[in-house]
Amino acid sequence: MVKIYNIKDKQEYLKEVAELTQKEWGNQANSIEEFNEKIDRKINKIISNFNNPNYCKLILLQDDTLVGFISIFPHDCDEKPDLFPWYATMYVKEEFRGNGYSKLLNNAILEEAKSRGFTKIYLKTDLINYYEKFGAIYIETLKTGENL
């Protein structure tokens, strides 16, 4: 059975989420010590944002196995610091891809955004025609070549 939780209610998954986030989007560490320091910083950042109304991290579990996660960030685009909140870090583990879990995560984070009173949520991506299937609307191409 799959179910979505706020990570603050399932903190035992913090380290795994931080490690997957670092491996997917972080700068490569030069040593295991540096990698572990980066993970500790990510965990502390998540915990420090638990009560931030412009931040949320949802996780998708299948029984007790982490399938994926998704977030709302207050800031995620240096080129557009005036915009918030941001749809961020949609991730489904490779072995679970192709089963519609990204759609579950997408719908959950949009519902969460709506419950927090947001009428818009922004997304920065270099993927073409991926988020549109979830109803995303393209705004512009940034100087970095990424879409907003």
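Residues numbered from 1 in each chain as written. Predicted model: local features only at pLDDT ≥ 70, side-chain atom pairs only at ≥ 80, totals over all residues. Heavy atoms only, no water.

### Re the pairing of strand 3 (residues 65-73)
Cut-off, in case you're wondering: Any residue under 20% of the maximum accessible area for its type is buried, any over 50% is exposed, and the rest in between are partly exposed; the area is computed with a 1.4 Å probe on protein chains only. Only runs of H or I of at least four residues qualify as helices and only runs of E of at least two qualify as strands under DSSP, and these elements are numbered from the N terminus. Any two strands are treated as partners once DSSP identifies two or more bridges connecting them.
Counted residue by residue, strand 3 has 8 buried out of 9 residues, so it is predominantly covered. Here strand 2 (residues 56-62) runs beside strand 3; their pairing, made up of 7 bridges, is antiparallel. Residue pairing for strand 3: Leu-61 is matched across the bridge by Leu-66. Counting the residues between successive antiparallel strands, the hairpin from strand 2 to strand 3 contains 2 residues, one of them, Asp-63, with a positive phi of roughly 55 degrees. Across 5 bridges, the pairing between strand 3 and strand 4 (residues 86-92) is antiparallel. In the sheet register, Phe-69 faces strand 4, and the bridge partner there is Tyr-91.

### Topic: unusual backbone geometry
In this structure, Pro-85 follows Phe-84 across a cis peptide bond, with omega equal to -5 degrees. Within the fold, Pro-85 resides in the loop between strand 3 and strand 4. A positive phi is found at Asp-63, a non-glycine position, where the angle reads about 55 degrees. Looking at the element boundaries, Asp-63 is found in the loop between strand 2 and strand 3. One non-glycine residue, Thr-89, lies in positive phi territory at about 50 degrees. Mapped onto the elements of the fold, Thr-89 is located in strand 4. Classification of Thr-89 as buried rests on a relative accessible area of 13%.

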